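Structural description and commentary
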Amino acid sequence: MSWYEKLMPSRIRLDGSKNKKVIPEGIWEKCASCQTVLYREDIIQNQHVCTNCGHHMRIKARDRLSIFLDSDDRKELFSKLSSKDFLKFKDSKKYKDRIAAAQKNTNENDALIVMEGRINGIKIIVAAFEFSFMGGSMGSVVGEKFTRAAKECIKKHIPLVCFSSSGGARMQESLVSLFQMSKTSSIISDMRKKSIPFISVLTDPTMGGVSASLAMLGDINIAEPKALIGFAGPRVIEQTVRETLPEGFQRSEFLLEHGAIDMIIDRRNMKLEITNLLKTMLNNPAKKAETALT
Amino acid sequence: MLKFEEPIKVLEDKIEELRNIGSDGQVNIVEEINVLQKKCNVLIKDIYSNLTPWQITQIARHPDRPYTMDYINSIFKNFHELHGDRAYADDNAVISGIAQFHDISVAVIGHQKGRGTNDKIKRNFGMAKPEGFRKSLRIMKLAERYNMPIITFIDTPGAYPGIDAEERGQSEAIANNLLEMSDLSVPILSYVIGEGGSGGALAIGVCDNLSMLEYSIYSVISPEGCASILWKSPEYAHLAAEAMCITADNLIKLRLIDEVISEPLGGAHRNASQVSKDIATSISKNLDIYFKMDSRTLINNRKDKLGSVGYYQE
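Residues numbered from 1 in each chain as written. Chains lettered and ligands numbered in written order. Predicted model: local features only at pLDDT ≥ 70, side-chain atom pairs only at ≥ 80, totals over all residues. Heavy atoms only, no water.

Here we take up the pattern of salt bridges. The final tally for this structure, using the stated rule, is 41 salt bridges over all chains. Ionic pairing is found between B:Asp183 and A:Lys193, a salt bridge with its closest N-O pair at 3.0 Å. Within this pair, whereas B:Asp183 is found in the loop between helix H8 (170–181) and strand S5 (188–197), its partner A:Lys193 is found in helix H6 (residues 174–193), the two belonging to separate chains. A single salt-bridge network, built from bridges that share partners, covers B:Arg61, B:Lys113, B:Asp155, B:Glu195 and B:Glu224. (Salt bridge = Lys/Arg side-chain N within 4 Å of Asp/Glu carboxyl O. Helix = DSSP H or I, 4+ residues; strand = E, 2+ residues; numbered from the N terminus.)

Spelled out as structure tokens, the structure:
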């Protein structure tokens, strides 16, 4: 970098190595799909969907919940739960430090946020994964919060909606994180016996242990457009089968075609669609004869 | 043969050589053989009592290690293999069927890795596709209808990461097994006999009693996979194996498993019949506990156990 470039404020400085304009943070954002530079305020207004091509960008869990839930009468649940480094796990960094860094960067305690509130008046509990917290990975805290949310729904007889966005199980918690898969699946089976609606919304990306447990077990599975959803990551598959993956592989549209999900819904219609689904599901009075166990 | 087993092999070969000379009747070398045999035993004990988690991983994957079919043949009687998921195919990476254990009818399900190139390919190296998990669930449901306890043997590198597996819903197949198994009204006893690889292992491993052989591993991701992500290269698999605490002795300390079945000196492949006997003893003992429970208690206990896994603070 030459001396006069160093003098320039970083906002207008050119990145010498790539010779590309660095977009000043906070005002403009480039759509990763169509490359259009968009005014950030417009994107927020449009629920983080590209105003040009409709690409669904990743969205923070808290923003998601704030868009989805009615604005009054909502509260966060189990917010104090946080992870413990019980294995003293260390790779290039200690797990303890990774947790601390993620907490600092995201302002969240862990990768799942749970809120109780209403959508268009229907009482509901909603959980959303925060992908920027260690890739939305599921460890003890995510498993426990999901389980508590489900139990609360059973207790209050209200539906559960979960927005998944996760790379899978959290490796730093080893087998304990694998067992969160059976933990969450087991509580979903309890919900089914009590006819508590569970709607799973799979967003970009939903992979591995989260996809192979709670995310695929909705009464209704919904995906956002073009989300990456699958068990094994595309790179792992490519290395295993040694062939190029077909176009659109493991995207929402591919899953719909192969029968893994019920529907693809645009984020901007999500609240209305789920409201209508829940209204339909809860329309008929429950049968008197309780088939449920315990 | 594994690298750290080489010194043992050298001694064993020498003993064998001496035996052959001895049988010619020319030299009396019985004493020499005894000395070497003792030396060999000490060496085996030495090597096997100081194994690193990575070495244990290699024993868990040992090509001579007994597989599910070996245990089925030695532990059960009248095994009838039942094939197919009734929807798409029969997955040879999973063996399932019904059999007799003493006087109790049981269902047996396990991953099968295959021996020799052709068999390995036929068994897909023990990596199940969705139809394998769906077949397993079908047999479990059948077992439930006829009040037959379920015994599962876990030995897989993981669920198959392939295009076809994804097309047919690998995630859903695993997830559905987890959900359904948590509610089965018959006892489920799971034995990790080699590699407990991730979701593919858990998909037949939701159970009332989880046992591991001494030199088996159970892990959320393979050490190589973990190393490539966190250490940026599979070369650091030995570090990942250590960090993830994937061996039986660690997992029982964490109370994630219920029982460790010790293996003979040198590993299960050195005395398979002894290991079969020990697994059979464990099955007897556990059926005595779980098959006597009424199904409500059984399910509630299982669910409490599944629900209580986790370390967190509030």
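Residue and element names in this part refer to chain A. Here Lys-271 is to be found in helix H10 (residues 270–281). Polar contacts involving the side chain of Lys-271 include one to the side chain of Asp-70, which spans 2.7 Å. Beyond its immediate stretch of four places on either side in the chain, Lys-271 contacts Ile-67, Phe-68, Leu-69, Asp-70, Ile-119 and Asn-120. (Polar contact = N/O pair within 3.5 Å; in protein donor to acceptor, adjacent residues only side chain to side chain. Contact = heavy atoms within 4.5 Å.)

As a further point, take the pairing of strand S11 (residues 220–223) of chain A. Residues and elements named next belong to chain A. Going residue by residue along S11, you find Ile-220 and Ile-222 tucked away on one face and Asn-221 and Ala-223 tucked away on the opposite face as well. Bridging between S11 and strand S13 (residues 263–264) involves two bridges; their strand directions are parallel. Note that in S13 the partner of Ile-222 across the bridge is Met-263. (Buried < 20%, exposed > 50% of the residue type's maximum accessible area, 1.4 Å probe, protein only. Pairing = 2+ DSSP bridges.)

If you look at the interface, chain A gives 57 residues, while chain B gives 49 residues. For chain A, the biggest contributors to the area lost against chain B are A:Met171, A:Phe179 and A:Phe231; these three give 15% of the whole. At the surface where chain A touches chain B, the tally comes to 19 residue pairs in polar contact (both at pLDDT 80 or more). Residue assignment for the side of chain A that touches chain B shows that the elements contributing at least two residues are strand S6 (82–83), helix H5 (140–156), H6 and helix H8 (234–241) of chain A. At 17 residues, the largest contribution of residues to the side of chain A that touches chain B is made by H6(A). (Buried area = accessible area lost by both parts, 1.4 Å probe.)

Okay, the environment of A:Ser140 next. With respect to the helices and strands, the residue A:Ser140 is situated in helix H5. Its relative accessible area of 0% is what places A:Ser140 among the buried residues. Note: C-alpha distance between A:Ser140 and A:Ala169 (29 residues apart in sequence) is 9.7 Å. Those residues in contact with A:Ser140 that sit more than four places away from it in its chain are A:Phe86, A:Glu173, A:Val176, A:Gln180, B:Gly310, B:Tyr311 and B:Tyr312.

Below, the discussion takes up the side chain of B:Arg123. All names here are of chain B. In this fold, Arg-123 is placed in the loop between helix H5 (116–122) and helix H6 (130–145). Arg-123 gets classed as buried once you look at its relative accessible area, which sits at 11%. Here the side chain of Arg-123 touches Asn-92 through a polar contact of 2.9 Å, landing on its backbone oxygen. Filtering out sequence-adjacent residues up to four positions away, Arg-123 remains in contact with Asn-92, Ala-93, Ile-95, Gln-112, Lys-113 and Gly-114.

Residue and element names in this part refer to chain B. According to the domain assignment, chain B consists of domain 1 (3–50) and domain 2 (56–307). Across the contact, eight residues belong to domain 1 and nine residues belong to domain 2. Interface area, domain 1 with domain 2, both sides summed: about 670 Å², of which 59% is carbon and sulfur. The largest per-residue losses of area from domain 1 upon contact with domain 2 belong to Phe-4, Glu-5 and Tyr-48, which jointly make up 66% of the total buried on that side. On inspection of domain 1 and its partner domain 2, the count reaches one salt bridge. Note that Arg-270 and Glu-12 form a salt bridge whose closest N and O atoms lie 3.0 Å from each other. Inspection of the domain 1/domain 2 interface yields five residue pairs in polar contact (both at pLDDT 80 or more). The greatest single-element share of the side of domain 1 that touches domain 2, amounting to four residues, is contributed by helix H2 (residues 30–49). (Domains from an automatic or database assignment.)

A cluster of basic side chains, namely A:Lys88, A:Lys90, A:Lys94 and A:Lys96, defines a positive patch on the protein surface. Looking at the element boundaries, A:Lys88 is found in the loop between S6 and helix H4 (95–106). (Patch = residues over 30% accessible without salt bridge, like charges linked within 9 Å, V, L, I, M, F, W, Y side chains within 5 Å. Areas by Shrake-Rupley, 256 points an atom, 1.4 Å probe, with all protein chains shown as cover. Lys, Arg positive; Asp, Glu negative; His and termini not counted. Charge placed at Lys NZ, Arg CZ, Asp CG, Glu CD.)

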